[in-house]
Amino acid sequence: MDVLEAVRQRRSMKFFDPEHVMPEDDLRTIMESALLSPTAFNIQHWRFLNITDREIREEIKQAAWGQGQITDASTLLLLAYDKLAWQKSPARYWKNAPEPIQQSLLRNIHDFYAKDEQMQRDEGMRSCAIAAQTIMLVAQSLGYYSCPMDGFDFKRVGHLVRLPEDHEICLMICIGKATQEPWPRGGQLAMEEVFFTDRFPE
């Protein structure tokens, strides 16, 4: 499936075959693609948690107000980000660059993040969102449907998965084999309502 077709076919699905087991090769393909997603300054601050334990999934389901896709999906991924990745051995993010470029980037990384906690959070959310779209499109190209989720108790789920103190959760993604056709799209806004040139209309 090419990229355009995956974009057109991707739909949020909540009804998965609970008996389906995703082959390791498929999960690896999805995650290897996710790791190619862009991040600011290449700090790769996303962290991906593959939740396979059935008891943990059941508890997360309760923290998500009983939504069945949590336990029925073949794969449940939690996407979080490390707020302090910018200061954790940042030279490794540019180890293949020439030395002058490395030093310049290290200074820029420090200056960009050191005194701006809001920027640390914003960049983490943006990077996770980009990776999430990559995950969903690659999953679609492999014949899976997916469901991005933020409808859960973030604090409770963080406790269940032992989220590190310097990490924050962005969202979860359920991936699996659908048991029904996706519903018709709810209604797309017209291009002229959302796409402009140079300036927003007055």
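Residues numbered from 1 in each chain as written. Predicted model: local features only at pLDDT ≥ 70, side-chain atom pairs only at ≥ 80, totals over all residues. Heavy atoms only, no water.

Novice: Help me understand helix 3 (residues 54-63), please; the structure alone is not making it clear to me.
Specialist: Count 3.6 residues to each turn of an α-helix, and residues three or four apart come out pointing the same way. Burial in helix 3 covers these residues: Arg57, Ile60, Lys61 and Ala63. Projected down its long axis, helix 3 carries its buried residues within an arc of 155°, all on one side. Of the surrounding elements, those touching the buried residues of helix 3 are helix 4 (69-72), strand 2 (75-82), helix 7 (154-160) and strand 4 (167-176). Capping the start of helix 3 is the job of one residue whose side-chain oxygen sits 2.9 Å from the backbone nitrogen of Glu55: Asp53. Where helix 3 ends, the next residue or the one after it, Trp65, has phi of about 55°, a positive value. (Buried < 20%, exposed > 50% of the residue type's maximum accessible area, 1.4 Å probe, protein only. Helix = DSSP H or I, 4+ residues; strand = E, 2+ residues; numbered from the N terminus. Arc of directions from axis to C-beta. Contact = heavy atoms within 4.5 Å. Polar contact = N/O pair within 3.5 Å; in protein donor to acceptor, adjacent residues only side chain to side chain.)

Novice: Can you help me understand the nonpolar core in this one?
Specialist: One recurring pattern in soluble globular proteins is that nonpolar side chains are buried together. With 21 residues, the main nonpolar core has Ile30, Leu79, Ile135, Ile173 and Ile175 as its most contacted residues. Listed by contribution, the elements that provide at least two residues to this core are helix 2 (24-34), strand 2, helix 6 (117-141) and strand 4. Element by element, the count of residues in this core is highest for helix 6, at seven residues. The contact partners of Leu79, leaving out residues within four places of it in the chain, are Arg47, Phe48, Cys128, Ala132, Ile135, Ile169, Cys170, Leu171 and Ile173. (Core = buried A, V, L, I, M, F, W, Y, C linked by side-chain atoms within 4.5 Å.)

Novice: When you look at the layout of surface pockets in this model, what are you seeing that I'm missing?
Specialist: To find leftover empty space, a probe the size of one water molecule is rolled over the atoms. Of the volumes computed, that of the largest pocket is approximately 220 Å³. As for the largest pocket, its lining consists of 17 residues, of which Val21, Met22, Arg57, Ser74 and Thr75 are closest to the centre. If you list the elements that add at least two residues to the lining of the largest pocket, you get helix 2, helix 3, helix 4 and strand 2. Split by residue class, the lining of the largest pocket holds seven nonpolar, six polar and four charged. Considering only enclosed or pocket space, the second largest pocket measures out at about 160 Å³ in volume. Along the walls of the second largest pocket sit Arg10, Arg11, Ser12, Met13, Lys14, Phe15, Gln180, Glu181, Pro182, Trp183 and Arg185, which together make up its complete lining. Looking at the lining of the second largest pocket residue by residue, the classes come out as four nonpolar, two polar and five charged. (1 Å grid on protein atoms, 1.4 Å probe; cavity = no way out; pocket = protein on both sides within 12 Å on 5 of 7 lines; lining within 4 Å. Points joined across faces, edges and corners; volume = space filled by probe spheres on them. Nonpolar A, V, L, I, M, F, W, Y, C, P; charged D, E, K, R; others polar.)

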